Amino acid sequence: MRRLFPASHETSDLDNRQWGLDELADVYAYPMDGGELGAPLPGQRDTAWLRANMVSSLDGAAHHEGKSQPLSSDADMRIFGTLRGLADAVVVGAQTVRQEGYRPARAREAFAARRAALGQPPAPVIAVVSAGLELDFSLPLFTEPLVPTIVLTGAQAAPDRVAAAREAGAEVIVAGDSERVEPGRVKRALSERGLTRLLTEGGPKMLGQFAAAGALDELCLSLAPMVAAGAAPRIMNGPRLEVPERFVLASVMEEAGFLFTRYRRI
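A short tour of the structure in this document, coming up. No experiment lies behind these values; they were computed from the predicted model shown.

1. Quick notes on the overall build of the protein
Then comes step 1: Looking only at helices and strands, the protein has nine helices and ten strands in total.
Then comes step 2: At 18 Å, the protein has a C-alpha radius of gyration in line with the 18 Å of a compact globule built from 266 residues.
Then comes step 3: Its C-alpha atoms put the protein at 60 × 45 × 35 Å along the principal axes.
Then comes step 4: The buried share among the 266 residues of the protein stands at 48%.

Next up, the structure:
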């Protein structure tokens with residue numbers, strides 16, 4: 001892996017080599033932790049920072065046959081693991097949980113000291129956004145997590161499904177006045193529980209809703225040197241923004257033809 005932007009004259013950045021997890025963690029540290037997006041701001045720890053991590057083919061496909069893995073690479077998975085290792089909570093839509101077979105996040109020794117210093121639990125919380133709660137609550141994601149899984153739903157969610165989630169050990173949070181979940185309230189509800197370093201892994205519909213609500217602070221996009229064609233959605237497949245929102249390039253790294261970009265909202 002080599003850094004292409006911002007420009008660096010350090011040999012370690014220019015060499016095409018496998019970066020260690022500590023190096024990646026320094027690059028991707030959250031702003032409130034002194035990451036490369038800027039120094040901490042006064043009071044910033046009280047505000048959640050939501051970053052998304054997505055992969056796309058050259059022709060814009062967010063997945064192939066319903067899964068992102070065919071578009072991934074070893075370097076992409078190292079960054080995936082690093083972003084999880086830094087997060088307080090991983091926010092994910094119910095459809096992605098079903099398609100990708102989500103399991104509980106695991107503790108990683110490589111990030112243990114960093115997480116302990118920041119007062120984080122050994123692994124991030126998985127926070128599932130679901131209006132209908134059509135989830136299999138017998139899965140390990142709900143019955144065997146290292147830290148309890150959170151389910152965010154609307155106030156009019158079916159009481160029997162809410163009860164099933166709680167019986168499985170999940171914490172249920174209401175983040176919408178109807179049966180639907182309001183994206184802006186997801187971020188606020190997690191922040192109120194001290195979960196301010198947020199990572200979303202999609203899917204495209206939920207990510208589009210976060211963008212439309214003005215809740216997305218950062219996008220980490222892996223561009224795979226592949227074409228997929230077909231009818232796969234873009235990485236954001238939500239309501240149209242009245243005015244396209246501008247992001248600024250923060251960093252670009254490359255390995256084996258994959259580009260790992262990071263953009264932050266202006």
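There is more to say after this.
2. Focus on the packing of helix α3 (residues 74-86) against helix α5 (residues 109-117)
Then comes step 1: The interhelical angle for the contact between α3 and α5, taken along N-to-C directions, is 30°, at an axis separation of 9 Å. In terms of their interaxial angle, α3 and α5 are classed as roughly parallel. Here α3 runs over α5; the crossing is right-handed. Counting all contacts with α3, which are made through G81, T82, R84, G85 and L86, the residues of α5 involved are F111, R114 and R115.

3. Points about the environment of S57
Then comes step 1: Mapped onto the secondary structure, S57 falls in the loop between β2 (49-56) and α3.
Then comes step 2: Linking S57 and A228, residues 171 residues apart in sequence, is a C-alpha distance of 6.6 Å.
Then comes step 3: What S57 contacts, discounting residues up to four positions off in sequence, is L71, L223, A224, M226, V227 and A228.
Then comes step 4: Within the structure, the side chain of S57 is placed 2.5 Å from the side chain of D59, a separation counted as a polar contact.
Then comes step 5: Within the local environment of S57, its side chain forms a polar contact with the backbone nitrogen of A61, the two atoms lying 2.9 Å apart.

4. Re the pairing of strand β7 (residues 197-200)
Then comes step 1: Neither face of β7 is exposed, since R197 and L199 on one face and L198 and T200 on the opposite face are all buried.
Then comes step 2: Where β2 lies against β7, four bridges are found, and the strand directions are parallel. When the sheet's bridge partners are listed, W49 is paired in β7 with R197.

5. Describing the packing of aromatic side chains
Then comes step 1: The final tally for this structure, using the stated rule, is two aromatic pairs.
Then comes step 2: Look at F258 and F260: their rings are 6.3 Å apart centre to centre, the planes differ by 10°, and that puts the pair in the stacked class.
Then comes step 3: Lying over the aromatic face of Y30, R51 brings its terminal NZ or CZ to 4.1 Å of the ring centre.
Then comes step 4: Stacked on the ring of Y28, the Lys or Arg R262 has its end atom at 5.3 Å from the ring centre.

6. What about the sheet that holds strand β9 (residues 247-255)?
Then comes step 1: Sheet architecture is open: ten strands sit in the order β1-β9-β10-β8-β2-β7-β3-β4-β5-β6, paired in mixed fashion. The sheet is open, and its two edges are formed by β1 (2-5) and β6 (171-174), each paired on a single side. The sheet shows a mean angle of 25° between the axes of neighbouring strands, direction not considered.
Then comes step 2: Taken together, the three bridges between strand β3 (residues 89-93) and β7 define a ladder with parallel strand orientation. Its bridge partner being in β7, V90 is matched across the sheet by L199.

7. Side note on a nonpolar patch on the surface
Then comes step 1: A cluster of nonpolar side chains, L4, F5 and L249, forms an exposed patch at the surface whose accessible area comes to about 230 Å².
Then comes step 2: Here F5 is to be found in strand β1.

8. Digging into the pattern of salt bridges
Then comes step 1: A full pass over the atoms with the stated rule returns 15 salt bridges.
Then comes step 2: When the shortest N-O distance is used, the salt bridge between D217 and K187 registers 2.7 Å. Of this pair, D217 sits in the loop between α9 (204-212) and β8 (218-223) while K187 sits in helix α8 (residues 183-192), placing them 30 residues apart in sequence.
Then comes step 3: Looking at D217, the relative accessible area reads 7%, which means it is buried.
Then comes step 4: Of the residues examined, K187 reaches a relative accessible area of 15% and is grouped as buried.
Then comes step 5: Through salt bridges that share partners, K187, D217, E245 and R265 make up one connected network.

9. A short note on the nonpolar core
Then comes step 1: Counting residues in each nonpolar core, the largest one holds 44 residues, and the members touching the most others are M1, Y28, V128, F142, M253 and F260.
Then comes step 2: Counting residues per element, this core draws most heavily on α3, at four residues.
Then comes step 3: Excluding its chain neighbours within four sequence positions, the residues that come into contact with M253 are M1, R2, R3, L4, W19, L24, V27, Y28, F258, L259 and F260.

Rules behind the numbers
Residues numbered from 1 in each chain as written. Predicted model: local features only at pLDDT ≥ 70, side-chain atom pairs only at ≥ 80, totals over all residues. Heavy atoms only, no water. Helix = DSSP H or I, 4+ residues; strand = E, 2+ residues; numbered from the N terminus. Rg over C-alpha atoms; globule rule 2.2 N^0.38 Å. Buried < 20%, exposed > 50% of the residue type's maximum accessible area, 1.4 Å probe, protein only. Axes fitted to C-alpha atoms, helices over the stretch in contact; angles between N-to-C directions. Parallel < 35°, antiparallel > 145°, perpendicular 65-115°, else oblique. Left-handed = near helix turned anticlockwise from the far one by under 90°. Contact = heavy atoms within 4.5 Å. Polar contact = N/O pair within 3.5 Å; in protein donor to acceptor, adjacent residues only side chain to side chain. Pairing = 2+ DSSP bridges. Phe/Tyr/Trp six-rings, centres within 6.5 Å; stacked < 30°, edge-to-face > 60°. Lys NZ or Arg CZ within 6 Å of the ring centre and 35° of its normal. Patch = residues over 30% accessible without salt bridge, like charges linked within 9 Å, V, L, I, M, F, W, Y side chains within 5 Å. Areas by Shrake-Rupley, 256 points an atom, 1.4 Å probe, with all protein chains shown as cover. Salt bridge = Lys/Arg side-chain N within 4 Å of Asp/Glu carboxyl O. Core = buried A, V, L, I, M, F, W, Y, C linked by side-chain atoms within 4.5 Å.

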